[in-house]
Amino acid sequence: MSVHQLLAGAVQKCPKATAIQFEGLSVTWAQLQQRVAARAQMLKQLGLQPGDRVAVLSANVPECMEAHFSVFWAGMVLVPLNTRL
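Think of each chain on its own: its residues are numbered from 1, step by step along the sequence as written. Thresholds applied to this predicted model are a pLDDT of at least 70 for local features of residues and 80 or more for the giving and counting of side-chain atom pairs; totals over whole chains, interfaces and linings are not thresholded and use all residues. Note that water and hydrogens are dropped before the side-chain values are worked out from all heavy atoms of the structure.

S.K.: Which residues make up the side chain of Ser 70, and what values do they have?
M.R.: Here Ser 70 shows up in helix 3 (residues 62–73). Each residue gets one of three labels from its accessible area relative to the maximum for its type: buried under 20%, exposed over 50%, partly exposed in between, using a 1.4 Å probe on protein chains only. You can call Ser 70 buried: its relative accessible area is 2%. Residues are treated as being in contact if the distance between any of their heavy atoms lies within 4.5 Å. Every residue in contact with Ser 70, bar those within four places of it in the chain, is listed here: Val 36, Arg 39, Ala 40 and Leu 43. Only DSSP runs of H or I reaching four residues or more are called helices, and only runs of E reaching two or more are called strands; each is numbered from the N terminus.

Structural data, given as structure tokens:
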């Protein structure tokens, strides 16, 4: 099962349930899927192709989770970078 399928399954089961809650921000599974799809499309518009590697350097914030899901959604390879190294 892919990360894309996991997200789609969560949206199908409980689209209005909270997926992310952080410092007053609340995002449902359906909203998260929309945001991830938009970011994945943006990666493709930048010229990245499936199989390309995408490095993500981010603090532990909701946008980091969206970025990770987006890379997988677009069929690319995630290279997570550690902010402490």
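S.K.: So what about the environment of Ala 17? Which residues, and what values?
M.R.: Mapped onto the fold, Ala 17 is located in the loop between helix 1 (3–13) and strand 1 (18–22). Here Ala 17 falls in the partly exposed class, since its relative accessible area comes to 28%. Expressed as a C-alpha distance, the spacing of Ala 17 and Pro 80, which sit 63 residues apart in the sequence, is 27 Å. Ignoring any residue separated from it by four or fewer positions in sequence, one finds Ala 17 in contact with Val 27, Thr 28 and Trp 29.

S.K.: Lay out the pairing of strand 4 (residues 77–81) with the relevant residues and their values.
M.R.: Whether two strands pair depends on DSSP finding at least two bridges between them. Sheet analysis places strand 3 (residues 53–57) next to strand 4, joined by 5 bridges and oriented parallel. Note that in strand 4 the partner of Val 54 across the bridge is Leu 78.

S.K.: Let's hear about helix 2 (residues 29–45): which residues, and what values?
M.R.: Residues spaced three or four apart along an α-helix face the same direction, because each turn holds 3.6 residues. To estimate how far a helix should reach, multiply one less than its number of residues by 1.5 Å. Compared with the 24 Å implied by 1.5 Å per residue over 17 residues, the 24 Å span of helix 2 between its first and last C-alpha is a close match. Of the residues making up helix 2, those classed as buried are Trp 29, Leu 32, Val 36, Ala 40 and Leu 43. The buried side chains of helix 2 occupy one side of the element, clustering within an arc of 70° when seen end-on. Opposite the buried face of helix 2, at more than 90 degrees from it, the exposed residues are Gln 34 and Gln 45. If you follow the buried residues of helix 2, they end up packed against helix 1, strand 1, strand 2 (25–28) and helix 3. Of the residues flanking the end of helix 2, it is Gly 47, one or two places downstream, whose phi is positive at about 100°. The arc in question is the one traced by the directions running from the helix axis out to the C-beta atoms.

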